[in-house]
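Survey of secondary and tertiary structure
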Amino acid sequence: MKAVVYHGQEDFRVDHVEDPKILEPTDAIVRTVRTAICGSDLHMWHAPTMEIQGFTVGHEVLGVVEDVGADVRHIKKGDRVLVSCTTGCGHCQMCQHDAWGACEKTTAHGMWTNIFGNPILPGGQAEGLRVPYADTNLYCVPEAIEDERALFLSDILPTGFMVADLAEIQIGDVVVIYGSGPVGVFAQRSAVLFGASAVIAVDLDDGRLAKAAARGCVTVNPTKQDLSEVVAGLTNGRGADSAIEAVGSAPLATECINIVRPGGHVSVIGVITDDPVPISIMHGIMGKNITFRAGMVEPQKYIPRLLPMIEQGKLDPSEIITHRMPLDKAADGYRTFANHDEDVLKVVLEP
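Residues numbered from 1 in each chain as written. Predicted model: local features only at pLDDT ≥ 70, side-chain atom pairs only at ≥ 80, totals over all residues. Heavy atoms only, no water.

Points about the packing of aromatic side chains
Within this structure, the stated rule accounts for eight aromatic pairs. With centroids separated by 5.3 Å and ring planes inclined at 20°, the aromatic side chains of Trp45 and Tyr334 adopt a geometry described as stacked. Separated by 289 residues along the polypeptide, Trp45 in helix α1 (residues 39-46) and Tyr334 in helix α12 (residues 330-339) bring together distant segments of the chain. With a centroid separation of 5.1 Å and 35° between ring planes, the pair formed by Phe161 and Phe194 is classed as tilted. Highlighted residues: Phe161 in helix α5 (residues 156-166) and Phe194 in the loop between α6 (182-193) and β9 (198-202), separated in sequence by 33 residues. (Phe/Tyr/Trp six-rings, centres within 6.5 Å; stacked < 30°, edge-to-face > 60°. Helix = DSSP H or I, 4+ residues; strand = E, 2+ residues; numbered from the N terminus.)

As for unusual backbone geometry
One non-glycine residue, Glu10, lies in the positive phi region at around 50°. Within the chain, Tyr133 stands out as a residue other than glycine whose phi angle is a positive 45°.

A word on the environment of Ala243
Mapping Ala243 onto the fold places it in strand β11 (residues 240-245). Residue classification places Ala243 among the buried positions, given a relative accessible area of 0%. The spatial distance from the C-alpha of Ala243 to the C-alpha of Val268 is 8.5 Å, given a sequence separation of 25 residues. Setting aside residues no more than four positions away along its own chain, Ala243 makes contact with Val176, Cys256, Ile259, Val260, His265, Val266 and Ser267. (Buried < 20%, exposed > 50% of the residue type's maximum accessible area, 1.4 Å probe, protein only. Contact = heavy atoms within 4.5 Å.)

Here it is, written out as structure tokens:
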């Protein structure tokens, strides 16, 4: 089959690879109908070339079940399904406590190895993929929801909703969201669902800010405006109730601490590859009694909550799609997305 294969920094190619096969009785094989390029894929695109190469990338997938293992009980051949980007076994202590991202079985080889698109777990930017623990990691899509409205439940819609959930947004809150990329968009939408009275979208891309304004956000380009003055004007000088980092920038995590009021909430969901990150504890988090939370997305927790919202028309995730390309043009899609060309926001690939 065809697949987008990692060969190094800024070198992803569409190659022919082996078809996926059932390896365990809890597996399923999914034929990909839609897949997408995620902002976290760009971290791998930009990063120095890794020693291990030749694996299929991608973790946002919607498809049709082609085959199931003997122990799969709730998914059957022919089902149209979402593939959770983060895999869990469904039975260990972590999964039983909704900590799917820390599943004891699927993270046995290390952090991140339970997310599709790595040498251990080949990804979904391909004509098909193997899904372990299918009953836990596949979700049937109601007939009323079109493919492109459902696709982003595999990762970035739950990511945006989760970061708003972790921020503990209350009715009437003023929320600052750094980043108006795909995750930032869904964080903005989710903040409104949680009851925020004002959502301040912060970004350096004026095109993305214009779209955020059309969604009802107050917009700030920090190279042209003073964010602290905007926040003060909306909060009588007290500071934002919550701040969200949806970019993947260590300095912005610190900015979140600075911009919230005493007793406020900071939530970080951007992929920050700097480690460790210096954070002000005494004069920041402790001194202001701030709640600071972060985590890796766990679609298993949020898909059941978000599917009905899409079905009822309260969310239309397809709003972020700006580019559609055949799988053969995936490298072009990566370059467009990485360079912010053509007002790009989200690239969907069709095998």
